[in-house]
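Observations on the model geometry
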Amino acid sequence: MKSNFLARKSLACLFGLICISTNSQVTDSVKNILIDEVMISATRYEKRVLDIPKSVSLITSREIKNSGATNLAELLSTQESLNVIGSSQTPGSNQSFFLRGISGEQTVVMVDGIRVSDPSSNTNSLDLSEISLIDVNRIEIVRGAHSTLYGSSAIGGVINLITEKELKPGLNVNANFDIGTFGHGTRQLNENLNLNYTFNNGFYVSGKVFHSDVKGLDPVLDTVTTEGAFKQNDRDDFQKTDMVARVGYHGQRLDAHLSFKSVSQYADIDQSAYINDDNNMVDLSRNLLSYSIGYQPNSKLHLLLNGGGSYVTRINENDSSLVSETDYDRNYYKGTFKGKLFNNDLQLNYTLENMKIILGAGAYYESMTSNSYTYSGQWNYEAVTNLDTLNLHTLLTNSYISTDIDGKFISDKLHALSVMMGLRFNSDNRSGRYYSYSGLAACAAGFVILNNVLIVSGALVGASGFILTNIMCKAMNRSLGNVLFSGFGSSSSKGIHPKDRGEAKAASISDSYTVLEAARSVLMVPGYGMAVAQAQHVVH
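These numbers were taken from a predicted model, which means no experiment stands behind them. (Residues numbered from 1 in each chain as written. Predicted model: local features only at pLDDT ≥ 70, side-chain atom pairs only at ≥ 80, totals over all residues. Heavy atoms only, no water.)

**Re the nonpolar core**
What tends to happen in soluble globular proteins is that the nonpolar side chains get buried as a cluster. The biggest cluster of nonpolar side chains holds 23 residues, and the ones touching the most others in it are Leu72, Leu76, Ile139 and Leu161. Of all the elements, helix 2 (residues 72-76) adds the most residues to this core, at four residues. Membership of the second largest hydrophobic core comes to 15 residues, among which are Val56, Leu58, Leu149 and Val158. (Core = buried A, V, L, I, M, F, W, Y, C linked by side-chain atoms within 4.5 Å. Buried < 20%, exposed > 50% of the residue type's maximum accessible area, 1.4 Å probe, protein only. Helix = DSSP H or I, 4+ residues; strand = E, 2+ residues; numbered from the N terminus.)

**A few points about the pairing of strand 19 (residues 355-376)**
Bridge count between strand 18 (residues 331-352) and strand 19: 22 bridges; the pairing is antiparallel. Its bridge partner being in strand 19, Leu352 is matched across the sheet by Met355. In this structure, the hairpin formed by strand 18 and strand 19 is closed by a connection of two residues, where Asn354 is found at a positive phi of approximately 65°. Pairing geometry for strand 19 and strand 21 (residues 393-406), over 13 bridges, is antiparallel. Each bridged residue has a counterpart across the sheet, and for Ala363 the counterpart in strand 21 is Thr397. Sheet analysis places strand 19 next to strand 20 (residues 381-386), joined by six bridges and oriented antiparallel. Each residue of the ladder has a partner; that of Ser376, found in strand 20, is Tyr381. Between strand 19 and the antiparallel strand that follows it, strand 20, lie four residues; Asn380 among them carries a positive phi value of about 50°. (Pairing = 2+ DSSP bridges.)

**Quick notes on the sheet that holds strand 4 (residues 82-84)**
Here we have three strands laid out as an open sheet, ordered 4-5-6, and antiparallel in their pairing. Edge positions in the sheet fall to strand 4 and strand 6 (102-103), since each of these pairs with one other strand and no more. Here strand 4 runs beside strand 5 (residues 97-99); their pairing, made up of three bridges, is antiparallel. Bridge pairing in strand 5 links Asn83 to Phe98.

Purely geometric stuff here, so don't read any function into it on its own.
Here it is in structure tokens:
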């Protein structure tokens, strides 16, 4: 099994470490200062973590530094309710993640409140190994549905990376260089350089570079014990370079910045978690431009405009691989996937006594294209696909309103109570218009304190959620009771006779081609796609 090469094993040796700062600061190790940590992502404004009525986690800059992780996948794999598949495999491999069991494409990942995804993939799910921690100051994690504030993609939750901006006035320099080994013939080299200059008037400019070079990765467990059997021993390499440039201003009323990030990543990957592939490479590049302008004219009103654009290109080339001492499989594949997205959001926060009102509107555009070539020498088969002419894109516009009511708004005795209600309207050029609601908790709170306003408003918003659930049940040809109670106290295999069971077998592309070529007829049974198209009402 591959050893974890990210400076965690005892074999890793630190070669050098340089840290320079023109603003040195003496730390009193005896004096402990308790700071009330605040979070933005859960409510779209700064609020104490202890006062947020949701399951949240905050990873501070110190925790990031002490973790030893070099990318987001490594760091998040240690967090509760987060399962990162492939975090210990070769970086650049398919590293999907789940938040509370919800897949990554249903979880919003943001950088400074601006959504980032991977439109070059068919699931739009972001490969967390792509994101290095070079510019990350803190990470906010919100678990559970957050669709009213961030759209339908936030069913699982929200992960927001807050980057480092202005520092102490003057020149700030930090450099880091380390080298290590995780086994015979292996090497890991990481270099990091951060430059920042902050002026006394609030302007700042910064530049950062991160480079990682890893050689000798082997994620495959050798289970072949037959004497003389062919073993495909393959060592993989990984190179990554990130560059960040940022200019900004931080004042009493105005806070603005403009940043550019370039990611270049090359990985020699394997066929799967435990199957070697000696000629399978993935080359990825991403250019990300983002901006943010915040203005606070008074203590009650705050305006925020942010957005950005991202261009992603992924090239996967898989040449022939050895299958014996002298023979190759004579298969070749090359796919080029490109995607771009633009995201802009305008938000207004208004503060009343014991109440916050958040209004917002935004637009999200995404497009992708791909072309691929497949050749099988064994079957003399060629296939070419090109999606350029399909103009695959989506445009989503939205508007939302959310209120955060402190219990003191109702009674001083309810100072520990926090009620959040929200409404979001979405318009998609492909799937049409739909709404997101929240507020059943407000209705329950109204019954407890006998407040008619909370009872009525919470019931209206909460009931709309049940209406939406009923619509989805009809789309799946299931009753509401079946969805809610069918899984309790029963086995999923009930009603299936043992003789009706089949044996699941893995098949390669060439095997599938052979089966389809020999078949007289083929029956396709769609699942989720049929529900989306509502074709199940016609096909029974």
